[in-house]
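The chain contents come next:
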Amino acid sequence: MSVCAPEALEQSVRHVLVSVDAQGQPSCVPELLDVSGSDVLITFHLNAADWVFPDTGAVLVQNGGTQFPIPSWTVHKKQAALLDCDSAAGEFSYTVVVQHAQTGRRARVDPTIRNDP
């Protein structure tokens, strides 16, 4: 059973690299992620010592609607994933949340996904 458009038989994958600077501020590369096609899996790779993705809520889409019908999931402490159904063009703000492994302090960054079906 597909959550997204049935005409998409092949999934593509896009990657976002998440880093955290010495002051604890995360950033994403790319900051503006262009996505085309449907059923695109977006993977987030955390490259930061002492920081992890939280078990839930690592990636939150603002007003995702049918574009992002299921919540993100944490694959493991350094990788999270999000399915983008990309059924219509538009820009979507989202939040990436990271957590300091020792203190539990959370930090966030708010990049953008631009869908172009």
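The preceding data block contains the structure.
Residues numbered from 1 in each chain as written. Predicted model: local features only at pLDDT ≥ 70, side-chain atom pairs only at ≥ 80, totals over all residues. Heavy atoms only, no water.

Enquirer: Sorry if this is basic, but what is going on with the sheet that holds strand β2 (residues 26–29) here?
Expert: Two orientations exist for strands paired in a sheet by backbone hydrogen bonds: parallel and antiparallel. Pairing is mixed across the open sheet formed by five strands, whose spatial order is β2-β1-β4-β8-β7. The sheet is open, and its two edges are formed by β2 and β7 (73–76), each paired on a single side. Averaged over all neighbouring strand pairs, the angle between strand axes comes to 30 degrees, with direction disregarded. Inspection of the sheet shows strand β1 (residues 12–20) paired to strand β4 (residues 40–47) by eight bridges, in the parallel sense. Of the residues in β4, the one forming a bridge with V18 is L46. (Pairing = 2+ DSSP bridges. Helix = DSSP H or I, 4+ residues; strand = E, 2+ residues; numbered from the N terminus. Axes fitted to C-alpha atoms, helices over the stretch in contact; angles between N-to-C directions.)

Enquirer: Would you explain the pattern of salt bridges in this entry?
Expert: Proximity of charged atoms lets side chains of opposite charge pair with each other. In this structure the tally under the stated criterion is three salt bridges. Note that R114 and E91 form a salt bridge whose closest N and O atoms lie 3.6 Å from each other. With a gap of 23 residues between them, R114 in strand β11 (residues 112–116) and E91 in strand β9 (residues 90–100) connect regions that are remote in the sequence. Since its relative accessible area comes to 31%, R114 is described here as partly exposed. Here R108 ties to D110 by a salt bridge, and the two come within 2.8 Å at their closest N and O atoms. On the basis of relative accessibility, which here comes to 49%, the residue R108 falls in the partly exposed class. One salt-bridge network, held together by shared partners, links D34, E91 and R114. (Salt bridge = Lys/Arg side-chain N within 4 Å of Asp/Glu carboxyl O. Buried < 20%, exposed > 50% of the residue type's maximum accessible area, 1.4 Å probe, protein only.)

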